[in-house]
Amino acid sequence: MSANGTDGFVVFDKVQKSYDGESLVVKDLNLSVAKGEFLTMLGPSGSGKTTCLMMLAGFETATNGEIMLDGRPINSIPPHKRGIGMVFQNYALFPHMSVGENLSFPLEVRGMGKSVREQKIKRALDMVQMGAFASRRPAQLSGGQQQRIALARALVFEPEVVLMDEPLGALDKQLREHMQFEITRLAHDLGITTVYVTHDQTEALTMSDNVAVFDDGRIQQLAPPDKLYEEPENSFVAQFIGENNTLDGRIKEIRGEHCVVELDNGEMIDARPVNVTKAGERTRVSIRPERVESNPERLHPDAHLIKAEVVEFIYMGDVFRTRLKVAGNENFIMKSRNAPDQVRHKPGSTIEIGWLPKDCRALDMPS
Amino acid sequence: MALPAYATTKDKIWYYTFRVICYAIFFFLMAPIMIMIPLSFNVQPYFSFTPEMLRLSPEGYSLRWYQDFLSSDSWMRSIRNSFIIGIASTALATTLGTLAALGLSRSEMPFKGAIMALLISPMIVPLIISAAGMFFFFSQINISGTYLGVILAHTALGTPFVIITVTATLVGFDHSLTRAAASLGASPSRAFFKITMPLILPGVISGALFAFITSFDEIVIVLFVAGPGQRTIPREMWSGIREDISPTILAVATLMVLLSVLLLLVIELLRRRSERLRGLSPG
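Quick caveat: nothing in here was measured; it's all calculated off a predicted structure.

*Asks:* Describe the overall build of chain B, listing the residues and the values that go with them.
*Replies:* The secondary structure content of chain B amounts to 12 helices and zero strands. Helices and strands appear in chain B in the N-to-C order α-α-α-α-α-α-α-α-α-α-α-α. Its C-alpha radius of gyration of 24 Å places chain B more than 25% over the 19 Å reference for a compact globule of 283 residues. Viewed in the frame of its principal axes, chain B has a C-alpha envelope of about 75 × 70 × 35 Å.

Right, here's the structure in full:
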């Protein structure tokens, strides 16, 4: 796994990018991707993630800082000499060439002989289960098939790094899930270093070794998916990844890994201080809906409980989704597993809820 | 499009009126061209139908004007000149126009509108003004009355056509294709010749055709800029009408119509082929 440093296979070192010379689209980016790692850049549109990918591919130049590939700075190397495979959002298959010619293109550029080319093309097409389609034209293929060909073309010349720019955006849900699995499998089987850009958090969580969450031109958090989801380091990440309940309040006291937060309506809750430092500070606490518990038996005996009014109960089959009014927030969601002993709360009733302090994270108050 | 069952009398009247108008327009456009063709086979040196011709008797017709044309040194020279000037200026205009269109289609290109207007201006400025300007300018730099002068002048006239057709093709061009080519290791020039060029070829070809035809039937600039050594077919026809009125020019005109039709057919076939290759229409 990578850490921020300069020892990775792909390294962004203090990279900045500005298009107009005034405002920075990418601000002081430091990122290191280990060899063979699947890293996803996740973020809302305009967060700078695609710009970073384009700088790595060589289609944009960094205004400041250095991008390194296998220890070599690549800022002054043109895109066609970087040897980085890329899968484009709209696939970018050459429409006037057959599938086989599309795959042959990078091999011809590298001066490979016919027999070597044919062998590699066959292997790449078999890899994406498109072996029978070499003579078709891209226009004769479905979206999913084109996607596979684009993937095969990016892999056929055996690059060490492959970049993917929202490659599954145009596919329907079922196909997308299937391709997520296939891309991950291929990347791991071939041991390729992959940098994947998406705005779909499910994609990021299910596919990646590490996820870099982008916002406002910076990486807000870089962590493996489980850590990102369970231990968000700031309010943006907590809000952006998965469903999230927030309550605003003020830190009452901090003792190591534990703090008490006084909510705006005066109630006390337990939380884990994350990026708050001292008592009296404003904070926004974040709790995942599935970590909210209404059965006090499952909680620590001296856990703080808090009153909640049931607004709405939605039966979703495998889970119950209960919308609560907690400390003035009417959109506080509790998700409970449909277990035999699970209570179905009636709207209008008042219940007591609580959580383990480690699941309730006291984060910064966004300005 | 047949009339539907619910058509009213008014609909029916309009339906037939519309057809009549369409045929009238066709007739108006085609008649002057079509009338030339039989007249070019006239035995008599007249520009009108003789009684023999109207009776369709074989004595009324002959190939003498074609023979006249083929055996005339000045006509042969003018054909050679027309092709030399046409092909050279088409090659230049196509190269320059394609490059200009590629540059103008890039989003980072500054002053796009102004540059485009400037490059298109030879199409809009009255020809006689361009011709007069070129005459004075070319005389200054001593290329008036040379092939180079006429070729450059016709290049300036033909380039706007290429720019317009290539720009239109580039509107639908997906620029991520050139990026994809680069990511696959192709140098910019290789990406251009292997990816961009084949895809914009229909635009380039039709632009080239327009440029060629512009040069091929241009007379005003030739009158100003060309010397006696660069007489083109239109220039020769022009003096044919003014100096010795002979139906030879009808024979030449007929041959030129034939050539135009052939060119259009070739272009259409090429266009269809390239569309099929681009995967735009089913193969």
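Next comes the rest of the write-up.
*Asks:* Let's hear about the overall build of chain A: which residues, and what values?
*Replies:* Each helix and strand counted, chain A has eight helices and 19 strands in total. Here the C-alpha coordinates of chain A stretch approximately 75 × 45 × 35 Å along the principal axes. Among the 367 residues that make up chain A, the fraction classed as buried is 42%. Residue pairs at least 24 apart in sequence account for 66% of intrachain contacts in chain A once pairs closer than 6 positions are excluded.

*Asks:* Outline the interface of chain B and chain A, supporting the account with residue identities and numerical values.
*Replies:* Residue-level contacts link 18 residues of chain B with 22 residues of chain A. Elements with a minimum of two residues in the side of chain B that touches chain A: helix 8 (176–183) and helix 9 (188–216) of chain B. Across the side of chain B that touches chain A, the residue classes tally to nine nonpolar, five polar and four charged.

*Asks:* Account for the sheet that holds strand 11 (residues 245–255) of chain A, naming residues and giving values.
*Replies:* All names here are of chain A. A barrel is described by the order of its strands in space; here five strands give the closed sequence 11-12-13-19-14, paired in mixed fashion. The mean angle between the axes of side-by-side strands here comes to 55°, regardless of whether they run parallel or antiparallel. The sheet contact formed by strand 14 (residues 282–287) and strand 19 (residues 361–363) spans three bridges and is antiparallel. By the bridge assignment for strand 19, V285 is matched with A362.

*Asks:* Tell me about the pairing of strand 12 (residues 258–263) of chain A, residues and numbers included.
*Replies:* Residue and element names in this part refer to chain A. Burial of strand 12 is one-sided: the residues C259, V261 and L263 facing one way are buried, the residues H258, V260 and E262 facing the other way are not. Summarising the sheet, strand 11 and strand 12 pair through six bridges and their orientation is antiparallel. Residue pairing in the sheet places I254 in a bridge with C259 of strand 12. In this structure, the hairpin formed by strand 11 and strand 12 is closed by a connection of two residues, where G256 is found at a positive phi of approximately 60°. Bridge count for strand 12 against strand 13 (residues 268–273) is four bridges, and the pairing is antiparallel. Residue pairing across strands places C259 opposite A271, the latter belonging to strand 13. Here strand 12 folds back onto strand 13 in antiparallel fashion, the turn holding four residues, of which G266 has a positive phi close to 95°.

*Asks:* I'd like a description of the domain arrangement of chain A, backed by residues and values.
*Replies:* All names here are of chain A. We note that the domain assignment places domain 1 (10–235) and domain 2 (244–363) within chain A. Put simply, the middle of domain 1 and the middle of domain 2, counted by C-alpha atoms, are 39 Å apart. With four residues of domain 1 at the interface, the matching set in domain 2 holds six residues. A class-by-class count of the residues in the side of domain 1 that touches domain 2 yields one nonpolar, two polar and one charged.

*Asks:* So what about the packing of helix 8 of chain B against helix 9 of chain B? Which residues, and what values?
*Replies:* All names here are of chain B. Two numbers describe how helix 8 lies on helix 9: the axes approach to 10 Å, and their chain directions differ by 135°. It follows that helix 8 is oblique to helix 9 by the angle criterion. Between helix 8 and helix 9 lies a crossing whose hand is right-handed. Across the interface between the two elements, L177, T178, A181 and A182 of helix 8 pack against A191, K194, I195 and T196 of helix 9. Counted by class, the contact of helix 8 with helix 9 contains five nonpolar, two polar and one charged residues.

*Asks:* Please set out the environment of A:L29 residue by residue, giving values where relevant.
*Replies:* Residues and elements named next belong to chain A. You can see L29 is positioned in strand 2 (residues 24–33). Sequence separation between L29 and K325 is 296 residues, and the spatial gap between their C-alpha atoms is 40 Å. Not counting residues up to four positions away in its chain, the partners in contact with L29 are F12, V15, C52 and I219.

*Asks:* Give a detailed account of unusual backbone geometry, specifying residues and quantitative values.
*Replies:* Across the chain, the bulk of peptide bonds are trans and the bulk of non-glycine residues have phi less than zero. Residues and elements named next belong to chain A. For Y91, which is not glycine, the phi dihedral falls at a positive 75°. In this fold, Y91 is placed in the loop between strand 6 (84–87) and helix 2 (99–109). Accessibility expressed as a C-beta count within 10 Å gives 23 for Y91, which makes it buried.

*Asks:* Please provide a residue-by-residue account of the sheet that holds strand 10 (residues 218–223) of chain A, values included.
*Replies:* All names here are of chain A. One open sheet holds the six strands; their spatial order is 6-7-8-3-9-10, and the pairing between them is mixed. The two strands at the open ends of the sheet, each matched to only one other strand, are strand 6 and strand 10. Within this sheet the neighbouring strands show an average axis-to-axis angle of 20°, counted without direction. Pairing of strand 3 (residues 38–42) with strand 8 (residues 193–198) involves five bridges; the strand directions are parallel. Paired with T40 across the two strands is Y196, which belongs to strand 8. Relative to strand 6, helix 4 (residues 143–155) is tilted by about 175°, and along the sheet it contacts strand 6 and strand 7 (161–165).

*Asks:* An account of the pairing of strand 6 of chain A is needed here, citing residue identities and associated values.
*Replies:* Here is the key point about a regular strand: its side chains alternate between the two faces of the sheet. All names here are of chain A. Taking every second residue as pointing to the same face, both faces of strand 6 are buried, with I84 and M86 on one and G85 and V87 on the other. Where strand 6 and strand 7 come together, four bridges link them in parallel fashion. The residue of strand 7 that forms the bridge with V87 is M164.

*Asks:* Run through the nonpolar core, naming residues and quoting values.
*Replies:* Core analysis: the largest hydrophobic core is formed by 122 residues, its most contacted members being A:L56, A:A152, A:L163, A:V195, A:A212, A:V213 and A:V285. Considering each element in turn, this core owes the most residues, 13 residues, to helix 9 of chain B. Aside from chain neighbours lying at most four places away, what touches A:A152 is A:L103, A:A124, A:L125, A:M127, A:V128 and A:M130. One finds B:A131, B:M134, B:F224 and B:A226 within the second-largest nonpolar core, a separate group that totals 14 residues.

*Asks:* Give me the lowdown on the confidence of the model for chain A, citing residues and values where you can.
*Replies:* Mean pLDDT over chain A works out to 88, with 98% of the residues at or above the 70 mark. For the stretch residues 1–5 of chain A, pLDDT sits under 50, and the model shows 12 contacts to residues farther than four places along the chain or on other chains.

*Asks:* Could you give an account of helix 1 (residues 49–57) of chain A, naming the residues involved and the relevant values?
*Replies:* Residues and elements named next belong to chain A. Of all nine residues making up helix 1, eight are buried, and the element is well covered by its neighbours. Listed in full, the buried residues belonging to helix 1 are K49, T50, T51, C52, L53, M55, L56 and A57. Following helix 1 by one or two positions, G58 has its phi on the positive side, about 100°.

*Asks:* Please give an account of the packing of helix 2 of chain A against helix 4 of chain A that cites residues and values.
*Replies:* All names here are of chain A. For the pair helix 2 and helix 4, interaxial distance at closest approach is 8 Å and the crossing angle is 25°. It follows that helix 2 is roughly parallel to helix 4 by the angle criterion. Along this stretch, helix 2 crosses helix 4, giving a crossing that reads as right-handed. Contacts between helix 2 and helix 4 involve V99, N102, L103 and P106 from the first element and I149, A152 and R153 from the second. Of the residues that constitute the contact of helix 2 with helix 4, the class distribution is five nonpolar, one polar and one charged.

*Asks:* Break down the confidence of the model for chain B for me, with residues and values.
*Replies:* For any part of a model where pLDDT is low, the fine detail of the predicted coordinates should not be relied upon. Predicted confidence across chain B gives a mean pLDDT of 88, with 97% of residues reaching 70 or more. In the model output, the complex is listed with pTM 0.78 alongside ipTM 0.80.

Reading the values: the criteria
Each chain has its residues counted from 1, running along the sequence as written. To label them, take the chains in the order written and letter them from A, then take the ligands in the order written and number them from 1. Where local features are concerned, this predicted model is filtered to residues with pLDDT of at least 70; where side-chain atom pairs are given and counted, the filter is 80 or more; whole-chain, interface and lining totals use all residues. We count a stretch as a helix when DSSP gives it H or I for four or more residues in a row; a strand needs E for two or more, and each element gets its number in order from the N terminus. For the radius of gyration, the atoms used are the C-alpha atoms, and the globule rule reads 2.2 Å times the number of residues raised to 0.38. Every C-beta atom is placed from the backbone, and the number of other C-beta atoms within 10 Å of a residue's own sets its class: buried at 20 or more, exposed at 12 or fewer, partly exposed in between. Whether two residues are in contact is decided by their C-beta atoms, placed from the backbone, lying within 7 Å. Each residue is assigned to one class: nonpolar for Ala, Val, Leu, Ile, Met, Phe, Trp, Tyr, Cys and Pro, charged for Asp, Glu, Lys and Arg, and polar for all the others, Gly among them. Paired strands, as defined in this entry, are two strands with at least two bridges between them according to DSSP. Lines fitted to C-alpha atoms define the axes, with helix axes restricted to the stretch in contact, and inter-axis angles between N-to-C directions lie between 0 and 180 degrees. An automatic or database domain assignment supplies the residue ranges for each domain. Roughly parallel covers angles under 35 degrees, roughly antiparallel covers those over 145, roughly perpendicular covers 65 to 115, and oblique covers all other angles. Each crossing is labelled by how the near helix is turned from the far one, with a counterclockwise turn of less than a right angle marking it left-handed and a clockwise turn marking it right-handed. The nonpolar core is taken to be a set of buried Ala, Val, Leu, Ile, Met, Phe, Trp, Tyr and Cys residues joined by way of C-beta atoms within 7 Å. Residue-level confidence of the predictor, termed pLDDT, takes values from 0 up to 100.

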